[in-house]
Amino acid sequence: MKYIVRVIKYFVYLTVILALFIAVLMAFHLVGNTVDEIFKNGARSLWQVAGIVAVFAAVYPMLGFTRRSATVPGDYPALRQGIVDVMHDRGYVLESEKADVPGEERLTFRKRSPLLRLTRMFEDRITMTKDFGGFSLEGPSKDLVRVIGALEYKFRN
């Protein structure tokens, strides 16, 4: 279900960006003012463009979100504050924490900046779950690489 919601969000997002781009081109008189002047096939091109946008919107969540592991040895109570500090330095704030059952500790972080959250369509959540070798992280791929590097650097000793 989360995947379908992401696909719809990205379809709307890409459609709005494309519409704004075309509006800017029209405002500067770089293209015509009707659909027939803007696109070679006129109104039929709108379906083609929508299909291309739909393909991009369907593929991006598969590539843009992932689950990775971070090697962070130690027990959760000793690591917790250091993890929160690393995430704070990366622009994240602790959203929720579940540490009721030992071995099932889970931290959820969101971006601190509302503008960054908006530009990412509120798909900025990183979830960290304690596992045997450290933590399993789930979230945007490009952010996970940076966060895992920072966590492993901080706790490598």
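Scroll up a little and you will see the structure.
The structure contained in this document is the topic of the report that follows. (Residues numbered from 1 in each chain as written. Predicted model: local features only at pLDDT ≥ 70, side-chain atom pairs only at ≥ 80, totals over all residues. Heavy atoms only, no water.)

### Overview of the nonpolar core
Okay, step 1: The biggest cluster of nonpolar side chains holds 21 residues, and the ones touching the most others in it are Ile83, Phe109, Ile126, Met128, Phe135, Leu137 and Leu151.
Okay, step 2: At the level of elements, helix H4 (76–89), strand E3 (106–111), strand E4 (126–131), strand E5 (134–140) and helix H6 (141–154) are the ones that each hand at least two residues to this core.
Okay, step 3: Considering every element that reaches this core, the biggest residue donor is H4, with six residues.
Okay, step 4: Filtering out sequence-adjacent residues up to four positions away, Leu151 remains in contact with Val72, Ile83, Val86, Met128 and Leu137. (Core = buried A, V, L, I, M, F, W, Y, C linked by side-chain atoms within 4.5 Å. Buried < 20%, exposed > 50% of the residue type's maximum accessible area, 1.4 Å probe, protein only. Helix = DSSP H or I, 4+ residues; strand = E, 2+ residues; numbered from the N terminus. Contact = heavy atoms within 4.5 Å.)

### A closer look at the packing of aromatic side chains
When we look at a pair of aromatic rings, we describe it by the centre distance and by the angle of the planes.
Okay, step 1: What the rule picks out here adds up to two aromatic pairs.
Okay, step 2: With centroids separated by 4.9 Å and ring planes inclined at 65 degrees, the aromatic side chains of Tyr10 and Tyr60 adopt a geometry described as edge-to-face. Of this pair, Tyr10 sits in helix H1 (residues 2–27) while Tyr60 sits in helix H3 (residues 44–64), and the two are 50 residues apart along the sequence.
Okay, step 3: A residue is classified by how much of its surface remains accessible, and Tyr10, at 11% relative accessible area, is buried.
Okay, step 4: According to the relative accessible area criterion, Tyr60 is partly exposed, its value standing at 38%.
Okay, step 5: Ring geometry for Tyr60 and Phe65: centres 6.5 Å apart, planes at 80 degrees, overall edge-to-face.
Okay, step 6: A connected cluster of aromatic rings, assembled from ring pairs, spans Tyr10, Tyr60 and Phe65.
Okay, step 7: Positioned over the ring face of Phe65 is Arg6, at 3.7 Å from the centre of the ring.
Okay, step 8: Directly above the aromatic system of Phe135 lies the positively charged group of Lys130, at a separation of 5.2 Å from the ring centroid. (Phe/Tyr/Trp six-rings, centres within 6.5 Å; stacked < 30°, edge-to-face > 60°. Lys NZ or Arg CZ within 6 Å of the ring centre and 35° of its normal.)

The values are spatial; any link to function lies outside them.
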